[in-house]
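For reference, the chains in residue letters:
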Amino acid sequence: MIEDDGQGRVELKTYLGWLTVALALSLPLYRPWVSLAATLIMLFWLFGGRLRRRIAPLRSHSLSLAVLLFLALNLLSLLWSSDPGAGIRYLTKYRYLLLIPILASSIGPVFRRRAETAFSLAAAVSVILSYGVFLNLLHLRDAFPSNPAPTMSHIDYSMVLALSSLLILNRVLYQQMGRGRRLAWFGCFVLVASGLLINIGRSGQLAFATGLVALVLHWASGRSPRAAVAAVAGTVLALALVGTMVPRVKARVDEARHELQAAFVEHEYRSNLGERVAAITVAREIFRSRPLLGTGVGGNMPELRRLLDTSFQDLKPAVYWYPHLHNQYAQVATELGLAGLLSLAWIFWALIRGPYRDRGTDGAAIVLASVYLIGFLGDPFLHKQIPLVAFALFAGLISGTVLEDSRTTPSEVVTG
């Protein structure tokens, strides 16, 4: 067993640090390593000796408390769920949220920077692979030119690209570095962001656009009004030009508009967005009938099918097959009611609020929160491994700076 004092403490943190780097590196590239690295991090943290010392600072860590409340509410809701078996399966996915307090309490500034760098460079490599598939130069098992997501589903991949590109831009805007290095990182940002232009995940594309505006607004705050207006206006104009002039993006925007018009005006739901509109329609009725605590985790889909069989038979062909509601807010609202929505809101409030000592960390928190708050409109990303682990990884690393003063040791700084 690894001891948690003296040299042993530094050794444990080093093991956890390198495992965190491996986790960050694997997220865009190789799913099996994600499960392995995340599991090893949890086991090392739990059984590395003197656990009480690592838990102690978390008692005042707002984000960790918010996560534990959310998990506890989900666990408690099994008592009134009509399908506790499905609820338990959902809860096994939520275990990755425990990475937030684990990483916040154990990863220092050196390994935090290494993990962010590993994630950014791995995302750049994945985009190069994606271009190879797009140009028909590479042949990967589940990727093809019209859907060149090289290592995961296009929905998940778009979120990875949105998050990684904006974290790179945040580094360019706030980290001190030489001109050559800054230009290199800006080139990396352009490369990763361009991956969103050839891939088809609209959730990530919308999350990127929103996160970019939020990051530019954050950077512009405190600057001259002329500079702030120019930065925001230039960003919005650039996004508008991409949406209207890049053929692949324009086609997806037009497709979304037509699908929404068909759903709301013509009541035709047999399309990607039409199905989501139909699901939200039924989910709204579930929420109205159980507004405070919901159906319990796992109980919302049986209730959805019951309503489709009785009150919403016209929507049945579109969404009866759904394994989950393709919207994180609808998922939480139907399973946990208003209590669940408030507990989810506390997680993001604690993430954004910090408090953080520097604007770069604050900007990273804004990026992470805005990408997921918008991405949640398209899919329940807290139920999907890659996006969930990516959120937990960076939420833990970012919020860990709040505890940094109490846990960083001179030895850790020197060896980093």
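Quick caveat: nothing in here was measured; it's all calculated off a predicted structure.

Novice: Just checking my understanding: could you explain the overall build of the chain for this structure?
Specialist: Helix and strand content of the chain: 20 helices and zero strands. Computed over C-alpha atoms, the radius of gyration of the chain comes to 22 Å, within 12% of the 22 Å expected from 2.2 N^0.38 for 416 residues, which places it in the range of a compact globule. In terms of overall dimensions, the chain has a C-alpha envelope of 65 × 55 × 50 Å along the principal axes. Within the span of the chain, comprising 416 residues, buried residues form 54% of the whole. The long-range share in the chain, meaning contacts at least 24 apart out of those at least 6 apart in sequence, stands at 75%. A total accessible area of about 18,400 Å² is found for the chain, and carbon and sulfur atoms account for 66% of it. Mean positive and mean negative side-chain charge positions of the chain (39 and 25 charges, respectively) differ by 6 Å.

Novice: Looking at this model, I keep getting lost on the nonpolar core. Mind explaining?
Specialist: Note that soluble globular proteins tend to have their nonpolar side chains buried in a common cluster. Leu99, Leu351, Tyr372 and Phe391 are the most contacted members of the largest nonpolar core, which has 97 residues in total. Tallying contributions element by element places helix α8 (residues 154–174) first for this core, with 13 residues. Not counting the four nearest positions on each side in its chain, phenylalanine 391 is found in contact with Leu97, Ile100, Ile347, Phe348, Leu351, Leu368, Tyr372 and Leu382. Membership of the second largest hydrophobic core comes to 19 residues, among which are Tyr269, Ala279, Val282 and Ala330.

Novice: Explanation requested: unusual backbone geometry in the structure shown.
Specialist: Glycine aside, residues mostly have negative phi angles, and peptide bonds mostly take the trans form. Cis geometry is found at the peptide bond from glycine 354 to proline 355, where omega equals 0°. By the secondary structure assignment, proline 355 is in the loop between α16 (328–353) and α17 (359–375). Even without glycine at this site, asparagine 136 takes up a positive phi of about 65°. Inspection of the secondary structure assignment puts asparagine 136 in the loop between α7 (109–134) and α8. The phi torsion at histidine 267 lies on the positive side, around 55°, for a residue other than glycine. If you trace the backbone, histidine 267 turns up in the loop between α12 (247–264) and α13 (272–289).

Novice: Is there a simple way to explain helix α10 (residues 202–220) in this structure?
Specialist: One turn of the α-helix equals 3.6 residues, which is why residues spaced by three or four share an orientation. For α10, built from 19 residues, the straight-helix expectation of 27 Å at 1.5 Å per residue is met to within 8% by its first-to-last C-alpha distance of 27 Å. Taken as a whole, α10 has its buried residues at Arg202, Ser203, Gly204, Gln205, Ala207, Phe208, Gly211, Leu212, Leu215, Val216, His218 and Ala220. Taken together, the buried residues of α10 touch α8, α9 (179–198), α11 (225–245), α12, α13 and α17.

Novice: I'm lost on the pattern of salt bridges in this one. Help?
Specialist: As a working rule, side chains carrying opposite charge can pair if their charged atoms are close by. Under the definition given, this model contains eleven salt bridges. Across the salt bridge formed by arginine 202 and glutamate 259, the nearest N and O atoms sit 3.4 Å from each other. One end of the pair, arginine 202, is in helix α10; the other, glutamate 259, is in helix α12, and 57 residues separate them in sequence. Arginine 202 gets classed as buried once you look at its relative accessible area, which sits at 17%. Lysine 316 serves as the salt-bridge partner of aspartate 309, at 2.8 Å between the closest nitrogen and oxygen. By relative accessible area, lysine 316 is classed as partly exposed at 31%.

Novice: Can you walk me through the confidence of the model for the chain in this structure?
Specialist: Should the pLDDT be low somewhere, the predicted coordinates at that spot are not to be read in detail. On average, residues of the chain carry a pLDDT of 89, and 95% of them reach 70 or more. Scored below 50 in pLDDT, residues 1–9 shows 24 contacts in the model against residues more than four places distant or in partner chains. pLDDT under 50 marks residues 405–416. Its contacts with residues more than four places away, or in other chains, come to 23 contacts.

Conventions we followed
- Residues numbered from 1 in each chain as written.
- Predicted model: local features only at pLDDT ≥ 70, side-chain atom pairs only at ≥ 80, totals over all residues.
- Heavy atoms only, no water.
- Helix = DSSP H or I, 4+ residues; strand = E, 2+ residues; numbered from the N terminus.
- Rg over C-alpha atoms; globule rule 2.2 N^0.38 Å.
- Buried < 20%, exposed > 50% of the residue type's maximum accessible area, 1.4 Å probe, protein only.
- Contact = heavy atoms within 4.5 Å.
- Areas by Shrake-Rupley, 256 points an atom, 1.4 Å probe, with all protein chains shown as cover.
- Lys, Arg positive; Asp, Glu negative; His and termini not counted.
- Charge placed at Lys NZ, Arg CZ, Asp CG, Glu CD.
- Core = buried A, V, L, I, M, F, W, Y, C linked by side-chain atoms within 4.5 Å.
- Expected span 1.5 Å × (residues − 1).
- Salt bridge = Lys/Arg side-chain N within 4 Å of Asp/Glu carboxyl O.
- pLDDT = per-residue confidence, 0-100.

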